[in-house]
Each structure stands twice: as structure tokens, then as C-alpha cells.
Amino acid sequence: FQVLEERIVHIPNVPDIPEFYYRPSGNELKPRPVGEENGIVVFNYNPISAVNYDHLKANGLQESKIPTTISPVRLNNELSSKFEIDMSKSSSSSISSNSDNPTEDGEVDGDEDYVYQQESQTPAPSRPLIEPARQSAVDSAIEVLSARAHSPPCPNTLELKNSAPVPTLLMQQPDLNNADSNWPNKSSNNAPNNINNTNQFQDNQNIARQNTKPKKPPQFSRSAVNGAKIVTNCHPYNPEEYDGLEFESRFESGNLARAVRITPTYYELYLRPDLYTSRSKQWFYFRVRRTRKNVIYRFSIVNLVKSNSLYNDGMRPLLYSTINAKTRNEGWRRCGDNICYYCNEDENQPCSDDDLECSYTLTFNIEFSHDNDTVYFAHSYPYTYSDLQRKKSIVVSARVHPSETPSSWMMKGLMDFITADTAVAKRLRHKFIFKLIPMLNPDGVIVGNTRNSLTGKDLNRQYRTVIRETYPSIWYTKALIKRLIDECGVTMYCDMHAHSRTHNIFVYGCENKRNAEKKLSEQVFPLMMHKNVADKFSFENCKFKVQRSKEGTGRIVVWMLGITNSYTLEASFGGSTLGSRKGTHFSTMDYEHMGRVFCETLLDYSDENPNKVKKQTKLIKMIKKIRKREKREQKALKLKKLNDQECIIEEKLKVKQSLDESLS
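On a predicted model such as this, the values are computed, not experimentally measured, just so you know. (Residues numbered from 1 in each chain as written. Predicted model: local features only at pLDDT ≥ 70, side-chain atom pairs only at ≥ 80, totals over all residues. Heavy atoms only, no water.)

Chemist: For this particular structure, what's the right way to read the overall build of the protein?
Modeler: Secondary structure summary: the protein contains 13 helices and 20 strands in total. Across the 664 residues that make up the protein, the buried fraction comes to 46%. Considering only contacts in the protein between residues 6 or more positions apart, those separated by 24 or more positions represent 78%. For the protein, the accessible area works out to roughly 35,600 Å², and carbon and sulfur atoms hold 49% of it. (Helix = DSSP H or I, 4+ residues; strand = E, 2+ residues; numbered from the N terminus. Buried < 20%, exposed > 50% of the residue type's maximum accessible area, 1.4 Å probe, protein only. Contact = heavy atoms within 4.5 Å. Areas by Shrake-Rupley, 256 points an atom, 1.4 Å probe, with all protein chains shown as cover.)

Spelled out as C-alpha cells, the structure:
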């Protein structure tokens, strides 16, 4: 299942107002499919397998000898045994026992035909079937085929380079010592038609086991998204020879099998059915390049299978323009005009729902807004597995110290904001997975402690613990963070506190001295907080030193796990000394407001817009200037102290000299 290396990313922007349905006039065009005989094929990609096998080299097979785009197992170049097995009925029987939607007679329509075809069906009797050097390879291949007989083939590798892996799925191994176990149901309905081939298959099994104990075969192990080493050319014409639209679907979740150019502005499109079946053709998701503006094109998807569709009620396809996304921050939009969904057969003899040969067409006009744009079309808003994996997590905790109630009010403001029905909250939930721990020390809160838990210990010094029973809330919080780091990554960790000796609201962070690329990057978010709420949050009060006495705190332990943005957010019990709020106390409303500001700053901080990235670069330069100024001020302060000390010493010497003179 070959795919392109590049990762497809769409911005999640939604329209400000709901998009209206298309209003059918009843006079929409209904062009009948004419096929590639009356046009030219400009894109052709129809994979028939997404299966890979592990341990190829360990079993004596070379990876290059088993192409990834052919049906489950072909060992023509590796095996001297010759056999042909029709597995269509066995696949049907396996599916029928597990299918959620069986037909009335308990069977599933036998569309899944898997033929393992070799040059000859019967081995020559004058020589051994299998060479000893290839014994393990043949044994593995036979066990794979037996596994296919036992269970319906499942896709193993749907690969995209530079993408996240797909979850592990394991296949149960069949009982190779019992030939009947390959057919779960021995009834005549489920048995394979080709009995001779089945007997041949069993004979090959018996011969393969001679002199060798079966090894663990190369088997279906998991679906992965990592890209194919060799990508075939699916565009028959060179760009110099062809001046029309360029189609592509070799990316994650993409579906377009063939594009046929009938005229310079009319294209017939064919969808790929679900792998290992000829049914289920509805989802489309493909890319179009080399567009021309002010030209009306017509697309017809001509091999759909559902007898009716919401497209006849006004639903419109989706379009994503890369140029509009960059210039207008515009995401997916509904598109199309003159939309119609209809049966390809004669209207006077419409197809019945049970007629598997009947096909339907979705046709619509489209006019592009830009020349040479890269445009995507989809049946619905795409959400790929990589989109799920791209969602990193934010971990926020509070109330590890029972008396620090301002932390709970900030947490309340954060939770109220993040669960609200606002555009900012929706974008944050779309972008991140939030893990919130509102109260790390509930026992201490209940009994009215100031700082400790019922163990008599400060829980914020126990993050290095391995004792689950003594500090369960800390142990499980740390385990949660470790799991998130492994699964999806953690963008930020923040532990909310309150401070009884310092005014304003500020953070403690961890400076990255050893990593030149990350140097000062941990200070960008606090500076953005200061700019968003300058009358409450003080960047000057923020400290980023890693002190030995604080090595057991959540902030430092999480930072040591590799999280650059690991903070302790401190809110003063008192109030502010900044701007218009100078000399005033904080209220619960102020603390809740800080929770909301935290979320708004997080969205601004994580924005991948190039302008926002440049802004952060400027902030780092500003931080460098601030830190240089602080160093100069500290140096001047030290010199002043030294001068003051020297002056004091001189004055003392003068007083002593005067006393000595008076005594003499």
C-alpha cells in the first residue's frame, strides 16, 4: 500500500456562519459514464493489499522479493513448490462467523477472492517438493496460508512516512496439526469449492513438515504508518505532455483509484473499494493540482454503490484550498454546483437495492479561485489517525498544599473556560488532550492541613518516590505523565500553587542551559502571560533556577523527564503591585481570570501560524535583552555593595584613628 512521504495537514478553521445546502432545480445534468475508452487515464492507483509480514530475513526470505502491492503472499521467486489455492469461500466462512451484518442464510456475499497462484499446480514426482535450504521459508509460507484460511485477511501496513504508528493488532495462529481447524464450520455452505486444491494444500503441509519442526512464521502483526520505500508512478503522462488537472490520493485516508479525462474540463473519477472486498465505495478524499481559475470543471464519481444519497437533498462536497488556508486562514468549505446523484442505468429500468451490478454517479461543477492551487476534495471532514496522534497533552494539577486555596480558584477558571462552548475553547480541545488534577492532596484539604498530607510529608517533595502506597496521588500522577510522554507527548506541565511572601502572580520554571536550541524557550510562555495580563502577572518575579533543594518537586522531576515547559504557577495570597491594580487585593474573580488567561495564552503560544512563530522569535530576543539588563543591574548592585562596604570600612578606620589620636 504505497503512499507519498509528505504529511497532509489541514488547518481546523471553521466558517463563521453555517453553510447552506445546495438547492436542486430539477434540471441538473446527468452525464452517463463513458469510460476510459473515450478518454485518457491521467491517474491510476488501485492497491489490492496492505499486508506486510515480520521476520522476513529471519526465515530466509528477502524483503525485496515480496512486493507490498500484491495480494497477501506470493513466493514465486523463493519457493520451488507450486500450488494454487482459492480461498474465497474460506474467507467468507470466517467472516460469516464474526460478521455483524450477515445475510439471511448466515453467509456473507463471497466478494473476497484470494488466489495464491503459481506456475504449476502439482509438483513433479521425480524430485523433492522442497529443497532443504528453503525448508524454513516454505514452512513459514504454508503457515501463513493456513492462517489466511483460518481468518479473513486483515490489512497490516497502511504506510505514510513521518507519521504516527497505528495500534497493534495480532492474529491468532491456527492449529496446523489439525487440518480441519482451518475451516471453523464444516458445513457444505462454508467449505471451499475447490476440494482438490484443498487436498493439495494439505499434502504440501505434510511434505513441508518432513525433517523440520515448524518455526514461528512471518505473520500479520500490526498496521503501521511509515511510508513505502518505493512509490510507483501513478501518473501515466509527463507534465510536459499533459496540461490538465493532476490528481493524487496516495496519502493517509485517501481514496481515489482512477481519474479519466474525457474533455479538458470533464473528468470521470473512480473510487477504490474497501481492501479485500469489491463493496463499500462511498468515501472519497483526493488532491487536485494545476488548477485554473475562472474555468468551470465537472467531476463525476461514477462507481458509487448506494441507491440514494444526501447529495440529492442538497448536501455538498467539501473543498480545501491551500492558498486560501495560507492567505485567509480558511479551512474546509462546502463546494459545488449543479450537484446530482443518480443511477447509471436506464431511468425507465431503475436498479433494485439487491442488484450488485448497479452503480451510481455523483456529479458536480466546480470553479477554482486560483491558478496552480493545491486543492483537496472529501466526502466529509477528514480526521486521520495521524490527526489523533498529533494531539499532544497538557497536564495541570493543583492543591498539593492544602492551604493554598488560590490554586483551586485558578483551576476552576481553567476548567470552566476549557469546557465552555466558545471558539477558543473548541480550538484548544481540538488541539490538545487536557489532563486535569484539581486536588492532589484531598486528605490534607479535608482535615485542614497547611502543607502536608496525612503522612506528615510535603507531597511536593515526593515526585521522585517509588512508594505507591505511601504517596498514591503523586505516584499515579507521575505514572500518568510518563504514559502520556510515550503515547502522544506532553506540551506543558503546570502545577498551581499560592505564595505567602511575594506579590503578584508568577511562575517558577527550569532553564535549559545545556541545550542551545531550547535556551530561553521556557521563558516565552511566561512572557506572553505577562503581556496578556500585565496588571496581575509579573515576568520580573519569574525564576528559572533549578535548585538542589527543589529536586523532588513536580516541576523539576517532570522537566527531567524531558518536558521543557514545566512550571509552578504561583498566585499571591495578597495582591498586585502592577499597573492599575497596584496596591489592591486579589479576589476569586482575579484567580479565575488567571485560569482563563492561561488557556488563551496556551492557544496563542501553540499557534503554528508563521506570523506567530516570528513573534515568538522576537520574544526570545526580548528575553535575552531583559536577562542581559538584569545581569548588568546585578553586577552594578554588587559593585555598589562593595563600594558601600569599602566606605563603611574607611569610615571605621577614620573613627579608629581619631580615637587612637585622642587616647595618645
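Let's pick the thread back up.
Chemist: Is there a simple way to explain the confidence of the model for the protein in this structure?
Modeler: On average, the protein scores 76 in pLDDT, and the residues at 70 or more come to 70%. Within the model, pLDDT remains below 50 along residues 51-229, and this stretch shows 307 contacts once partners closer than five positions in the same chain are excluded. (pLDDT = per-residue confidence, 0-100.)

Chemist: Can you walk me through the nonpolar core in this structure?
Modeler: Looking at soluble globular proteins, one finds that nonpolar side chains tend to be buried together. Core analysis: the biggest nonpolar cluster contains 43 residues, and L428, M496, F537 and L569 have the highest contact counts within it. Sorting elements by how many residues they give to this core places helix α12 (residues 588-605) first, with eight residues. Those residues in contact with L569 that lie beyond four places of it in its chain are M410, C494, D495, M496, H497, I505, F506, V507, M529 and F537. Judged by nonpolar contacts, the second largest core, of 36 residues, contains V42, L271, M315 and C343. (Core = buried A, V, L, I, M, F, W, Y, C linked by side-chain atoms within 4.5 Å.)

Chemist: Can you help me understand the UniProt feature "active site" (unreviewed entry) in the protein in this one?
Modeler: When the UniProt feature table is mapped onto this chain numbering, "active site" (unreviewed entry) sits at E570. By the secondary structure assignment, E570 is in strand β18 (residues 566-572). Ignoring any residue separated from it by four or fewer positions in sequence, one finds E570 in contact with H497, A498, H499, N504, I505, F506 and Y508. (UniProt positions renumbered as here; feature names shortened; annotations may be inferred.)

Chemist: Explain a nonpolar patch on the surface to me, please; I cannot follow it from the model alone.
Modeler: Among the surface-exposed residues, I446, V447 and L454 lie close enough to one another that they form a single nonpolar patch of about 340 Å² accessible area. Here V447 shows up in helix α8 (residues 442-447). (Patch = residues over 30% accessible without salt bridge, like charges linked within 9 Å, V, L, I, M, F, W, Y side chains within 5 Å. Salt bridge = Lys/Arg side-chain N within 4 Å of Asp/Glu carboxyl O.)

Chemist: Whenever I open this one, the pattern of salt bridges confuses me. Can you help?
Modeler: Should their charged atoms come close, side chains of opposite charge can pair. Following the criterion strictly, the structure yields 16 salt bridges and no others. E248 serves as the salt-bridge partner of R250, at 2.8 Å between the closest nitrogen and oxygen. Classification of R250 by relative accessible area gives buried; the value is 6%. Owing to a relative accessible area of 2%, E248 belongs among the buried residues under this scheme. For K536, the salt bridge identified is with D535, shortest N-O distance 3.9 Å. Using a relative accessible area of 7% as the deciding quantity, one classes K536 as buried. Look at D535 and you get partly exposed, because its relative accessible area is 21%.

Chemist: Help me understand a positive patch on the surface in this model?
Modeler: Together, K519, K614, K618, K621, K624, K625, K628, K631 and R632 give the surface a local cluster of positive charge. Looking at the secondary structure, you find K628 in helix α13 (residues 610-663). (Lys, Arg positive; Asp, Glu negative; His and termini not counted. Charge placed at Lys NZ, Arg CZ, Asp CG, Glu CD.)

Chemist: Teacher, can you tell me more about unusual backbone geometry here?
Modeler: Most of the time, phi is negative for any residue but glycine, and the peptide bond is trans. Positive phi values are uncommon outside glycine, yet N329 reaches one of about 55°. What makes N329 partly exposed here is its relative accessible area of 38%. Even without being glycine, N504 reaches a positive phi, approximately 70°. With respect to the element layout, N504 can be found in the loop between β16 (490-499) and β17 (505-508).

Chemist: Quick question: what am I supposed to make of the sheet that holds strand β14 (residues 392-398) here?
Modeler: Strands belonging to one sheet form pairs held by backbone hydrogen bonds; the direction of such a pair is parallel or antiparallel. The strand order β15-β14-β16-β18-β17 describes an open sheet built from five strands, whose pairing is mixed. Looking at the sheet topology across the chains shown, the edges are occupied by β15 (432-437) and β17. The average undirected angle you get between the axes of adjacent strands in this sheet is 20°. Relative to β18, β17 runs antiparallel, the two being bridged by four bridges. Note that in β18 the partner of I505 across the bridge is A571. Seen against the sheet, helix α6 (residues 405-418) touches β14, β15, β16 and β18 and runs at an angle of roughly 140° to β16. (Pairing = 2+ DSSP bridges. Axes fitted to C-alpha atoms, helices over the stretch in contact; angles between N-to-C directions.)

Chemist: What is the right way to look at the sheet that holds strand β5 (residues 258-263) in this model?
Modeler: Taken together, the six strands give an open sheet; going across it, the order is β1-β5-β6-β8-β12-β11, and neighbouring strands pair in mixed fashion. Each having just a single partner strand, β1 (40-44) and β11 (337-343) make up the two edges of the open sheet. Put simply, the sheet's adjacent strands are angled 20° from each other on average, direction ignored.

Chemist: I'm lost on the pairing of strand β6 (residues 266-270) in this one. Help?
Modeler: Regular strands place side chains that alternate from one sheet face to the opposite one. The buried fraction of β6 is high, at five of five residues. Judged by which residues are buried, β6 turns out to be covered on both faces: Y266, E268 and Y270 on one side and Y267 and L269 on the other are all buried. Bridging between β5 and β6 involves five bridges; their strand directions are antiparallel. By the bridge assignment, T263 is partnered in β6 with Y266.

Chemist: How should I be thinking about the packing of helix α10 (residues 524-532) against α13 in this particular structure?
Modeler: When two helices pack together, their arrangement is given by the angle between the helix axes and the distance between those axes. Close contact between α10 and α13 brings their axes to 10 Å; oriented N to C, the two are set at 95°. For the element pair α10 / α13, the angle class is roughly perpendicular. Residues V524, L527, M528 and K531 of α10 pack against Q616, L619, I620, M622 and I623 of α13. Of the residues belonging to the contact of α10 with α13, the class tally is seven nonpolar, one polar and one charged. (Parallel < 35°, antiparallel > 145°, perpendicular 65-115°, else oblique. Nonpolar A, V, L, I, M, F, W, Y, C, P; charged D, E, K, R; others polar.)

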